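So you can see what is in the structure, the chains are spelled out below.
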Amino acid sequence: MDVGADEFEQSLPLLQELVLGADFVGLDIEFTGLRSNLSRTQQISLFDLPSEWYLKTRQSVQQFTICQIGLSVFSSIEGESNKYVAHSCNFFLFPTTFGILDSEFSFQASSVQFLNQYGFDYNKFLKNGIPYMNEEQEKKIKHNILTGNWKVRSSLDKDQIKVVIDEVTRWLDLAEEGDWMTLPGISGFQAFEVQLLLRQALPDIWTVLRDQGVVVKKVSKQHRWYLENNSCDRESCWKEKILLSARGFSVFFQMLVKAQKPLVGHNMMMDLLHLHDKFFRPLPESYDQFKLNIHNLFPVLIDTKNVTKDIWKELNFPRVYNLSEVYEVLNSDLNPTKNSGPVIIHASKCEKYVLLKVAHLLLWRVHGAGSIPEPSFPLYLDVLAPYVNQVNLIRAGVPKINFSGPDYPSIRPPILILSVRRWPGVSEQQVYREFQNLCKFDVRRLTRSQFLLLTNKFKDARSILKEYKCHPTLQVALYRHWRHSPNVNCLLQVCGIVTTWALVAFLLGRPRP
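Residues numbered from 1 in each chain as written. Predicted model: local features only at pLDDT ≥ 70, side-chain atom pairs only at ≥ 80, totals over all residues. Heavy atoms only, no water.

(A) Representation of the overall build of the protein chain in the model. Looking only at helices and strands, the protein chain features 20 helices and 18 strands. Residues classed as buried in the protein chain amount to 46% of the 513 residues present. A fraction of 71% describes how many contacts in the protein chain between residues 6 or more apart in sequence connect residues 24 or more apart. Only carbon and sulfur atoms are counted for the fraction: they give 53% of the accessible area of the protein chain, which is about 27700 Å². (Helix = DSSP H or I, 4+ residues; strand = E, 2+ residues; numbered from the N terminus. Buried < 20%, exposed > 50% of the residue type's maximum accessible area, 1.4 Å probe, protein only. Contact = heavy atoms within 4.5 Å. Areas by Shrake-Rupley, 256 points an atom, 1.4 Å probe, with all protein chains shown as cover.)

This is the structure:
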């Protein structure tokens, strides 16, 4: 089910009920872009520590925005063995534009092509996207609304408001007390905004929001005073309604956080970065603070990319490149638990879910085919425990981030050092092109004629060491910090010089016999 701003507020009670009764919640987010065009030194690489990767990626997250969130809520069916019902929604989002809030964001051509490929509805996104804001933005807006210190900043909104006021003013000149008119096509929190502005500008009108639009009624000043002081529709109530509508999807985000249900995603690191930045607070500069914040928001995270990587190697499943391919393997005869897994009843069109299938496969691996206990979600969580809060990391010095403790040490192949002879002025890009036909390495300059090489595949490292063992101009060896680091070499040279001078001084200072 696709949900935009028009349907969102009415669906909130049902969404809250579903989340509170859920075993876990699946999440998939689409963005207007993934990575900005950073300089070469700012691009992510296998050399990056998690903290370095975070600081580089943080810039891209701040540049792009969320355009759609896919949400699936899974609940076990009471009285039914290993049977679940899944409710799925696609929420179209668009940043709140209200008062001082007028966000800027970029589109990346590759992301647009990806969204086009899957039939993304840009009209729904741009015209009917659900507004949202983070806590910092909410504090500013709330202060401005409640104190009356706010203005319409958007030029488009200013033009629309001017047209509305002019239209109502012309109507007032001819209207009599008790007459009314309707302003159609105004909905959401903008309808509250229009009413506040009209009431502030025109002392002899009253406004009411109806299904067909904003209704304006001409009233006497005495009646206006009475309505302002006795109506449940008075201005102070409205300001709270405006804030609630302007928060939009952020209201549901707080429901999700409060429910503390396991949050499931696939390759979900970028999802978590955007959830923090767009709904909670701007991403902090501290990587450790980011990890702590996410763990407090979502104490149980399960990244199916991280789970499937291990079991794929163990069962020798064919290589897969995306979540759909993972599902196809799990739903094929290659999966020994294909016919004994959980039953999922789908309440909507989305039917490809991975977590329960792979959890059942893990249960089979732990207990064996003949002695599997009666499956339940708590039992699935037990076998998933080694993967909880371990989120896959793409192109970094470690393969995953641990949100519930220190990150694990790197298990990448060793760093190689390339020494170049008779190739003056060689660049990192030229070195990369030299090796790209054999395998892909990240390249980092060490000295004028030396480069560090790093890959995420052990076989590629072995292949390069073998191929370039006796090369006349490009010599590749294992990097040893104590031997190859310029800083260590410099320190050793300084120590050598100091030692030599000390020895000379000692010899010269000795008394002659």
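(B) Region of the structure containing unusual backbone geometry. Located in the positive-phi region is Asn82, a residue other than glycine, with phi close to 55 degrees. Secondary-structure assignment places Asn82 in the loop between strand E3 (66-76) and strand E4 (83-92). With relative accessibility at 10%, the residue Asn82 sits in the buried group.

(C) Representation of the sheet that holds strand E8 (residues 205-210). One open sheet holds the three strands; their spatial order is E7-E9-E8, and the pairing between them is antiparallel. Of all strands in the sheet, those bounded by a partner on one side alone are strand E7 (180-183) and E8. Adjacent strand axes in the sheet meet at a mean angle of 25 degrees when their direction is disregarded. (Pairing = 2+ DSSP bridges. Axes fitted to C-alpha atoms, helices over the stretch in contact; angles between N-to-C directions.)

(D) Structural view of the pattern of salt bridges. Applying the stated criterion across every chain, the model contains 12 salt bridges. Note that Arg444 is salt-bridged to Asp48, the shortest N-O span being 3.8 Å. Highlighted residues: Arg444 in strand E16 (residues 442-447) and Asp48 in the loop between strand E2 (24-31) and helix H2 (50-63), separated in sequence by 396 residues. The salt bridge involving Lys162 is made with Asp166; its shortest N-O contact spans 3.3 Å. Remark: Asp166 and Lys162 occur in helix H6 (residues 155-174); sequence separation between them is four residues, near one turn of the helix. Residue classification places Asp166 among the partly exposed residues on the basis of a relative accessible area of 31%. Salt bridges sharing partners connect three or more residues here, namely Asp48, Lys56 and Arg444. (Salt bridge = Lys/Arg side-chain N within 4 Å of Asp/Glu carboxyl O.)

(E) Structural detail: the packing of aromatic side chains. Summed over the entire model, instances satisfying the criterion amount to 25 aromatic pairs. Feature note: the residues Phe8, Phe91, Tyr132, Phe249, Phe252, Phe253, Phe279 and Phe298 constitute an aromatic cluster, connected by ring pairs. The lysine or arginine in question, Arg199, covers the ring of Trp206, its NZ or CZ lying 3.6 Å from the ring centre. (Phe/Tyr/Trp six-rings, centres within 6.5 Å; stacked < 30°, edge-to-face > 60°. Lys NZ or Arg CZ within 6 Å of the ring centre and 35° of its normal.)

(F) Layout of H2. With 14 residues, H2 should reach 20 Å at 1.5 Å per residue; the first-to-last C-alpha distance of 20 Å fits that figure. Along its length, H2 shows its largest kink, about 25 degrees, at Thr57. Next to the buried residues of H2 lie helix H11 (269-280) and helix H12 (287-297). (Expected span 1.5 Å × (residues − 1). Bend = angle between axes of the 7 residues up to and from the residue.)

(G) Structural view of a nonpolar patch on the surface. A cluster of nonpolar side chains, namely Ile497, Trp501, Val504 and Leu508, defines an oily patch on the protein surface of about 480 Å² accessible area. Among the secondary structure elements, Trp501 is positioned in helix H20 (residues 486-509). (Patch = residues over 30% accessible without salt bridge, like charges linked within 9 Å, V, L, I, M, F, W, Y side chains within 5 Å.)

(H) Structural context of the sheet that holds strand E18 (residues 474-478). The four strands are arranged E16-E17-E15-E18 in an open sheet whose pairing can be described as antiparallel. Bordering the open sheet on either side are E16 and E18, each of which pairs with just one other strand. Put simply, the sheet's adjacent strands are angled 30 degrees from each other on average, direction ignored. Inspection of the sheet shows strand E15 (residues 416-420) paired to E18 by five bridges, in the antiparallel sense. Bridge pairing in E18 places Val420 opposite Leu474. Across the face of the sheet, helix H18 (residues 458-467) comes into contact with E15 and E18 while running at roughly 135 degrees to E18.

(I) Geometry of the packing of helix H15 (residues 355-367) against helix H16 (residues 377-384). At their nearest, the axes of H15 and H16 sit 9 Å apart, and the two run at 70 degrees to each other. The angle between H15 and H16 falls in the class roughly perpendicular. Along its contact with H15, which presents Leu355, Leu356, Ala359, His360, Leu362, Leu363 and Val366, the element H16 presents Phe377, Leu379, Tyr380, Val383 and Leu384. Of the residues contributing to the contact of H15 with H16, the split by class is 11 nonpolar, one polar and no charged. (Parallel < 35°, antiparallel > 145°, perpendicular 65-115°, else oblique. Nonpolar A, V, L, I, M, F, W, Y, C, P; charged D, E, K, R; others polar.)

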